Structure formats: structure tokens, C-alpha cells
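Observations on the model geometry
Given next are the chains, with one letter for each unit.
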Amino acid sequence: CSSNMNRSMEAHVILMNHGVHVESYGCGSAVRLPGPTGPRPFEFGTPYELMHETLAAESEAYYEKNGVLNLLKRGAATKTAPQRWQDEPTATVGGFDVAVCFESRLFETVTADLLQREPKDFTPLHVICIDTRDTAQDAVTMGTTLLALVQKLEAADLSQELPDTALQQEGGKPDLQYVLMHI
């Protein structure tokens, strides 16, 4: 997701709880949380606990009511701080088999970033976009859908382009974009 806060963290938790090795990232320019007068920005790398303390001191009732404090608690229980995709070295990104985005514009950001990187070993990286509204309920639903997809991908030959059957979901395809990159 953009801020490594809702959709990506929900997916991170669901996959991690099912034994999948997972990392999660945002790809926006900053972590932006909904505030009383507009977005409340933080830099990537700011610990979830520090953001929680800061926002609770600013307006605990407001941030509790809009669910941001709960998102920060979940984040802190999962990892130290939100990470930004573009800040990761190519060697790290090249170690991934699959990258999943939850919004078309973020898919475009990730693929554009990959195209700008100098490939190391030309290893395949499957980039998938499952458009998901940025709500708590949609993030949970998507996390369950993603778990089923990841379980299918674990049985697929990831050295090749994924066949449609690997991307097929029960009840048909979700709103999905896919590209095979080499990094």
C-alpha cells in the first residue's frame, strides 16, 4: 500500500500467521495518516510505537475513533516501522519471488521503480496487483484472498510466467494486474 499501514500490514499479518515468509512496504513519499485537519504525515522508518505515542498525545479520542491507533498497535506488534519499497536495495528486492500491490497506481509505481533499477541476476519477480479499497474490512477480505493465491503460487513454477490458472480465484478472477519482471 502507500503507507505500509492498512492493506499491506493486514496481508503481512495474515500471511505471517500462516507460516509464509513475508515483508511489507509502502511506496508513497511519506506515511500519511488521516488527521482531524487533513493528512498527518510521518517519514518512513518512524517507529509505529512513536507514531502511536505522538498521535495519542495530539488527540487520543480522535485517533482512537478513526482506528488509526489500532493500526499502529498492529504495526508495532508486527515490525518496528513502516518501510518504503523504493528505499530497499536491488539485492533485497531481487530476493523476492512475488510482490503484491493493492492499488493500480501503486502497481505502476513499483513496476516503474523496477524498470529503473540495474538488474543483478535477472531473477524473475512476479508483480501482482489486486485492487483493494483502503478500508479495514476490505483489507481483511483481501488478506484472506491473498492467502489462497499465495498457497497456489507456492505450487507454481516461479521461474516462468505464471499461468492464468495460478492467478485464477474461486468464483473467477479478481480485479488483478500481473507482470513478470527480471531483477
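Here, the structure is the one placed above.
Residues numbered from 1 in each chain as written. Predicted model: local features only at pLDDT ≥ 70, side-chain atom pairs only at ≥ 80, totals over all residues. Heavy atoms only, no water.

**Concerning the nonpolar core**
Leu-15, Ile-128, Leu-146 and Leu-149 are the most contacted members of the largest nonpolar core, which has 19 residues in total. Among the elements of the structure, helix H1 (7-17), strand S4 (124-130), helix H6 (136-154) and helix H7 (164-167) are those that each provide at least two residues to this core. Per element, the largest residue contribution to this core is 6 residues, and it comes from H6. (Core = buried A, V, L, I, M, F, W, Y, C linked by side-chain atoms within 4.5 Å. Buried < 20%, exposed > 50% of the residue type's maximum accessible area, 1.4 Å probe, protein only. Helix = DSSP H or I, 4+ residues; strand = E, 2+ residues; numbered from the N terminus.)

**What to know about unusual backbone geometry**
Phi is positive for Asn-4, close to 55°, though the residue is something other than glycine. Among the secondary structure elements, Asn-4 is positioned in the segment before H1. Residue class for Asn-4 comes out buried when judged on its relative accessible area of 0%. In this model, Phe-122 sits at a positive phi of 60°, which is unusual for a non-glycine residue. Within the secondary structure, Phe-122 is located in the loop between helix H5 (104-116) and S4.

**A short note on the layout of surface pockets**
Approximately 670 Å³ is the volume attributed to the largest pocket. As for the largest pocket, its lining consists of 29 residues, of which Val-22, Glu-23, Val-98, Ala-99 and Val-100 are closest to the centre. The set of elements that each furnish at least two residues to the lining of the largest pocket consists of H1, strand S3 (98-101), H5 and H6. Residue composition of the lining of the largest pocket, by class: 20 nonpolar, 6 polar and 3 charged. The calculated volume of the second largest pocket comes to roughly 330 Å³. If you trace the second largest pocket, you find 17 residues lining it, with Asn-6, Arg-32, Pro-34, Leu-71 and Asp-134 closest to the centre. At 3 residues, strand S1 (residues 31-35) tops the list of elements feeding residues into the lining of the second largest pocket. Looking at the lining of the second largest pocket residue by residue, the class counts come to 7 nonpolar, 6 polar and 4 charged. (1 Å grid on protein atoms, 1.4 Å probe; cavity = no way out; pocket = protein on both sides within 12 Å on 5 of 7 lines; lining within 4 Å. Points joined across faces, edges and corners; volume = space filled by probe spheres on them. Nonpolar A, V, L, I, M, F, W, Y, C, P; charged D, E, K, R; others polar.)

**Concerning the packing of helix H2 (residues 48-65) against helix H3 (residues 68-78)**
Contact geometry of H2 with H3 gives a least axis separation of 9 Å together with a crossing angle of 160°. As summarised for this structure, H2 and H3 are arranged roughly antiparallel, according to the angle between their axes. Considering only the axes of H2 and H3, their crossing is left-handed. Seen from H2, the contacting residues are Tyr-48, Glu-49, Met-51, His-52, Leu-55, Ala-56, Glu-60, Tyr-63 and Glu-64; seen from H3, they are Val-68, Leu-69, Asn-70, Leu-72, Lys-73, Gly-75 and Ala-76. For the contact of H2 with H3, a count of residues per class yields 9 nonpolar, 3 polar and 4 charged. (Axes fitted to C-alpha atoms, helices over the stretch in contact; angles between N-to-C directions. Parallel < 35°, antiparallel > 145°, perpendicular 65-115°, else oblique. Left-handed = near helix turned anticlockwise from the far one by under 90°. Contact = heavy atoms within 4.5 Å.)

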